[in-house]
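Each chain, written out:
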Amino acid sequence: MTLGELANKVGATVEGDAQTVIEAVAPIATAGPGDISFIANPKYARFIDTTEASALILDPQTPCTRLPVIRHPNPYLTYARVVDLLYPDQPQTGSGVHSTSFLEWDVNIDDSTRIGPLCHVRHGTVIGKNSQLVSSVYVGEDVQIGDNCLFYPGVRILNGSRIGNNVILHSGVVIGSDGFGFAPSERGLKKIKQVGWVEIADDVEIGANTTVDRGAIGPTRIGSGTKIDNLVQIAHNVEIGENAIIVSQTGISGSTKIGNRAVLAGQVGLVGHIEIGDDVKIGAKSGIHKSVEAGKTVFGYPARDAMLSKRIEAALLRLPELLKRVRKLESKDSDKSGD
Amino acid sequence: MTLGELANKVGATVEGDAQTVIEAVAPIATAGPGDISFIANPKYARFIDTTEASALILDPQTPCTRLPVIRHPNPYLTYARVVDLLYPDQPQTGSGVHSTSFLEWDVNIDDSTRIGPLCHVRHGTVIGKNSQLVSSVYVGEDVQIGDNCLFYPGVRILNGSRIGNNVILHSGVVIGSDGFGFAPSERGLKKIKQVGWVEIADDVEIGANTTVDRGAIGPTRIGSGTKIDNLVQIAHNVEIGENAIIVSQTGISGSTKIGNRAVLAGQVGLVGHIEIGDDVKIGAKSGIHKSVEAGKTVFGYPARDAMLSKRIEAALLRLPELLKRVRKLESKDSDKSGD
Amino acid sequence: MTLGELANKVGATVEGDAQTVIEAVAPIATAGPGDISFIANPKYARFIDTTEASALILDPQTPCTRLPVIRHPNPYLTYARVVDLLYPDQPQTGSGVHSTSFLEWDVNIDDSTRIGPLCHVRHGTVIGKNSQLVSSVYVGEDVQIGDNCLFYPGVRILNGSRIGNNVILHSGVVIGSDGFGFAPSERGLKKIKQVGWVEIADDVEIGANTTVDRGAIGPTRIGSGTKIDNLVQIAHNVEIGENAIIVSQTGISGSTKIGNRAVLAGQVGLVGHIEIGDDVKIGAKSGIHKSVEAGKTVFGYPARDAMLSKRIEAALLRLPELLKRVRKLESKDSDKSGD
């Protein structure tokens, strides 16, 4: 595809030779002839002068004259669209149920959907159009799955889960495991039977080996457009809004609510029964023990307003010296008192 | 079931109309007619005046006159018992081995036990009565499994593991993976062959995608009644006592011992070769680098006595201001000295 | 085997009765007659006077006269070699493809390799000599796997992955899941198609339920001899050098580079796009938000030089008292000013 064709399809403008042929995308540091690369993180701008890429995707400001350039105010989104054009999805190779898979009675699967090898789908379950269970996927009883879903090998969806359209679940994801609920009794810890379920709205993507527990009673909910990374823990009765971003190894405790467009960085932990407002940003590794108002940015363990956290952190670096300074003041004071 | 019948079976007292019919449990905020709800966390008491539930489970103190109430000193335990009554287990639908599963020679499985589809059970393994391997469960060589166990889809139990009665393993649990042991040598890191095993006592429950490594030599042990949440890491030769609670994403390093009834909140990390006494409580996200005496409550990174942690945290908020105050004292002091 | 034979084979010296018969290894606290034990951690030296082991592996300095001893400057490595001698690998019981497994067309697997039950290997894939897929392993399209690999039950290797020789992947490992990349757009979060792959060099071992994402473009790379523990997250385009050690539940964000022989302790988190130099050591639970020069030891959240972290930590314990001392100085000062 030529640079001009690409630019046209993604609604960007070309600078330089629009006839440049583009065959692949590559990271700017290792790109070669035929590759297009992009800069969204200014850290990588230093490579503009040396990259062997045939073309770049840049924002309107970043200078570059040695190479043909596609310019767009959102170079990252433009890059995403270029990737889609250069790497079209392979057409799905057939539908139906593989002979090594086992479907129980009373299962309703659209003819266009593909059940790969070694899957197990239980009774009462419904799966919509053009979905794909790649391999070794378990779907329990009375599960509802929409259209255009893609479940990678080793996904486990337990009884009663409700999953919308265009949902991507990566390998090892567990949906609907029991929540962690036990009541102390005279004879040890009594299990609280987890009789709720999981609801996942449209356009959700969940990363490898992430776990989403069913509600103790009622649902655990993940709103439409929300993206969850690998090895995340979503406890029972958590409710996550729309278009939220939950990065790897974060844990959200029971009944906590996360607002729309909230961004939780990696390894964040939240206690149960709190509310995180819309558009909240939580810094990596923060420990959140109380609710956070909409729009706030918080950080730290324990988490505080991000600006306050930075001030305290700067002050901490001076704390050992401060101890000495106070000792000096005290000794002068005692000298004076001694006078 | 009527409220009177429920109260009678769980040993609680009724206030109000004992003939109220109860069909389901529901969270207090969303409950409707026919539902019973409960309050164990005072945070939710504000819903008493507005809930549409038909009845509530409360402790003896919490006031409520607008609805029929079941009262018990332990409302959470009472709720657990009510759930059991309203949602009885479905009877197990048959025993035997599914035709898509593969059993090796010399396997000893009680007739009452059910091996679902796509399981693999290896030679030398013994499984007791009324246990259930739901689907896609792997059980290695020479494994011992007791009665009434429930292993969800995707559980992997490696060679030589010993599992008691009434053990629940959720999807993706790995029991008996190699511990992480390597000795530096002239030719890189030499693997220490992990020749131990895992022992899990009765009434243990382990959450989705949690990993329990085999001992390097000798066992890794989990005591009876202990409950472990999702995505927890238990390293080689860890020993956990009875009725302990280990919350999600916690990691316990090699050879560390955890006492009876210890409670480790979420995302806690413990170094190896330390001892956590009986009844210790460790706050969420704490980093524990030395042993903790029985009965203590610790918190923080690095962890300290919980009261001290709180004092330091309060002082930290005043640290930026403290720097200014010391600067002021110094400048006054220097003014005086200059006099 | 006698103590003399063992010592001879591992290049160590014997003190005491070289004819002592050794049958097994055991932890020093629980060892009995016929067992050999070792001390690498001085914490366990107190057991030398009481252990019932028949012999010990010690360094040249540690005193011990009551038992026969093998001495070597590296007792841990010597122990590793003794374990190999006392617990030889069982010979692999046959090669070939199990009848319950499904191989697609155009698969090239060496005759000496063993594909256990319930595996799925997709088209275009090549597997070398003497490798073993134990059970329920998924290998996607166009994957390259070398010789002598060992993949435990439930391993998932996605399309296009390239894996060297002598690689061990424990149960539940996911190789080649999509990286977490989304560009904000007018219509929510647009997925950045992840068109890269994963490259794992020789002699790598990866722990249970760890996830390694494919590159967004280009590879995610793990260098030869590197060992990764359970439940670790390796994001897209991460590059890890040779002989690195990454302990459990650590997370490495996108495009970050880790040097040779770096050691990352448990639950460490690293932001993306930074470089960790060769031989860097990072303490448990640290949060790393900027690059670290080769050879440094860092610790804390946020991470600092380890010595500085310790000084600050010590000062923090005195902070509540410091507040009081400053208050006292201020009140004296104000008294004087009042004079």
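Below or above, wherever it landed, is the structure these notes cover. (Residues numbered from 1 in each chain as written. Chains lettered and ligands numbered in written order. Predicted model: local features only at pLDDT ≥ 70, side-chain atom pairs only at ≥ 80, totals over all residues. Heavy atoms only, no water.)

1. Some words on empty space enclosed by the protein
Applying the stated criterion to the full structure yields eight cavities of 30 Å³ or more. Considered as a void within the structure, the largest cavity measures approximately 250 Å³ in volume. Along its surface, the largest cavity is lined by 15 residues, and Q249 and Q267 of chain A, Q249 and Q267 of chain B together with Q267 of chain C are the ones closest to its centre. Here the lining of the largest cavity is built from residues that sort into six nonpolar, six polar and three charged. (1 Å grid on protein atoms, 1.4 Å probe; cavity = no way out; pocket = protein on both sides within 12 Å on 5 of 7 lines; lining within 4 Å. Points joined across faces, edges and corners; volume = space filled by probe spheres on them. Nonpolar A, V, L, I, M, F, W, Y, C, P; charged D, E, K, R; others polar.)

2. Remarks on the relation of the copies chain A and chain C
When chain A is brought onto chain C, the operation consists of a screw motion whose angular component is 120 degrees and whose axial shift is 0.0 Å, with 0.1 Å RMSD remaining. Given the turn and translation reported, the copies of this chain are related as if by a three-fold rotation axis. (Least-squares fit on C-alpha atoms with pLDDT ≥ 70 in both.)

3. Focus on the interface of chain A and chain C
Across the contact, 68 residues belong to chain A and 65 residues belong to chain C. Here chain A meets chain C over a buried area of about 5,300 Å², counting both sides, of which 62% is carbon and sulfur. The salt bridge partner of E330 of chain A is R325 of chain C, with a shortest N-O separation of 2.7 Å. Seen at the junction of chain A and chain C, the total is 26 residue pairs in polar contact (both at pLDDT 80 or more). For the side of chain A that touches chain C, the secondary structure elements donating two or more residues are α2 (75-86), β26 (227-228), β29 (245-246), β37 (297-300), α3 (306-317) and α4 (319-338) of chain A. Among the elements that make up the side of chain A that touches chain C, the one with the highest residue count is α4 of chain A (nine residues). (Contact = heavy atoms within 4.5 Å. Buried area = accessible area lost by both parts, 1.4 Å probe. Salt bridge = Lys/Arg side-chain N within 4 Å of Asp/Glu carboxyl O. Polar contact = N/O pair within 3.5 Å; in protein donor to acceptor, adjacent residues only side chain to side chain. Helix = DSSP H or I, 4+ residues; strand = E, 2+ residues; numbered from the N terminus.)

4. Digging into the packing of helix α1 (residues 3-10) of chain C against helix α2 (residues 75-86) of chain C
Residue and element names in this part refer to chain C. Interhelical geometry of α1 versus α2 gives an angle of 120 degrees and a closest axis separation of 10 Å. With respect to each other, α1 and α2 are oriented oblique. Seen from above, α1 lies across α2 with right-handed handedness. For the pair α1 and α2, contact is made by L6, K9 and V10 and by T78, R81, V82, L85 and L86, respectively. In terms of residue class, the contact of α1 with α2 is made up of five nonpolar, one polar and two charged. (Axes fitted to C-alpha atoms, helices over the stretch in contact; angles between N-to-C directions. Parallel < 35°, antiparallel > 145°, perpendicular 65-115°, else oblique. Left-handed = near helix turned anticlockwise from the far one by under 90°.)

5. Side note on the interface of chain C and chain B
In many analyses, interface size is given as the accessible surface area lost on bringing the parts together. Of the residues lining the interface, 68 residues belong to chain C; the matching set on chain B comes to 65 residues. Interface area for chain C against chain B, summed over the two sides, is near 5,300 Å², with a carbon-plus-sulfur share of 62%. Its largest share of buried area at the contact with chain B, chain C owes to L118, K285 and L323 of chain C, together 10% of the area lost on that side. Here chain C and chain B share six salt bridges between them. The tally of links between chain C and chain B comes to 26 residue pairs in polar contact (both at pLDDT 80 or more). Those elements that provide at least two residues to the side of chain C that touches chain B are α2, β26 (227-228), β29 (245-246), β37 (297-300), α3 (306-317) and α4 (319-338) of chain C. The leading source of residues in the side of chain C that touches chain B is α4 of chain C, at 10 residues. The residue makeup of the side of chain C that touches chain B, split by class, is 35 nonpolar, 18 polar and 15 charged.

6. So, the sheet that holds strand β19 (residues 174-177) of chain B
Residue and element names in this part refer to chain B. The sheet built from 10 strands is open, its strands ordered β7-β10-β13-β16-β19-β24-β27-β30-β33-β36 with parallel pairing. Whereas interior strands pair on both sides, the edge strands pair on one side only; in this sheet they are β7 (102-103) and β36 (287-288). Across two bridges, β7 lies against strand β10 (residues 120-121) in parallel orientation. Residue pairing for β10: L103 is matched across the bridge by V121. (Pairing = 2+ DSSP bridges.)

7. Points about α3 of chain A
All names here are of chain A. Over its 12 residues, α3 runs 17 Å from end to end, which matches the ideal 16 Å to within 8%, given 1.5 Å per residue. Taken together, the buried positions of α3 are occupied by A306, S309, I312, E313, A315 and L316. In this structure D305 caps α3, since a side-chain oxygen of it lies 3.0 Å from the backbone nitrogen of M307. (Expected span 1.5 Å × (residues − 1). Buried < 20%, exposed > 50% of the residue type's maximum accessible area, 1.4 Å probe, protein only.)

8. Considerations on the pairing of strand β25 (residues 219-222) of chain C
Residue and element names in this part refer to chain C. The pairing of strand β22 (residues 197-200) with β25 spans four bridges and is classified as parallel. If you follow W197 over to β25, its bridge partner there is P219. Where β25 lies against strand β28 (residues 239-240), two bridges are found, and the strand directions are parallel. Counterpart to R221 in the pairing with β28 is E239.

9. Some remarks on the environment of G300 of chain C
For G300 of chain C, the location among the structural elements is in strand β37. Taking the C-alpha atoms as reference points, G300 of chain C and K310 of chain C, 10 residues apart in sequence, are found 9.2 Å from one another. Discounting residues that sit within four places of it in the chain, G300 of chain C has contacts with Y301 of chain B together with S286, G287 and S309 of chain C.

10. Here's the deal with the environment of Y44 of chain B
By the element assignment, Y44 of chain B lies in the loop between β3 (35-38) and β4 (55-58). The partly exposed category is assigned to Y44 of chain B, whose relative accessible area is 21%. Put simply, Y44 of chain B and P27 of chain B are 17 residues apart on the chain and 9.8 Å apart in space, counted from C-alpha to C-alpha. Discounting residues that sit within four places of it in the chain, Y44 of chain B has contacts with S255 and H273 of chain A together with I28 and I39 of chain B. In terms of polar contacts, Y44 of chain B uses its side chain to reach the side chain of H273 of chain A, at 2.5 Å.

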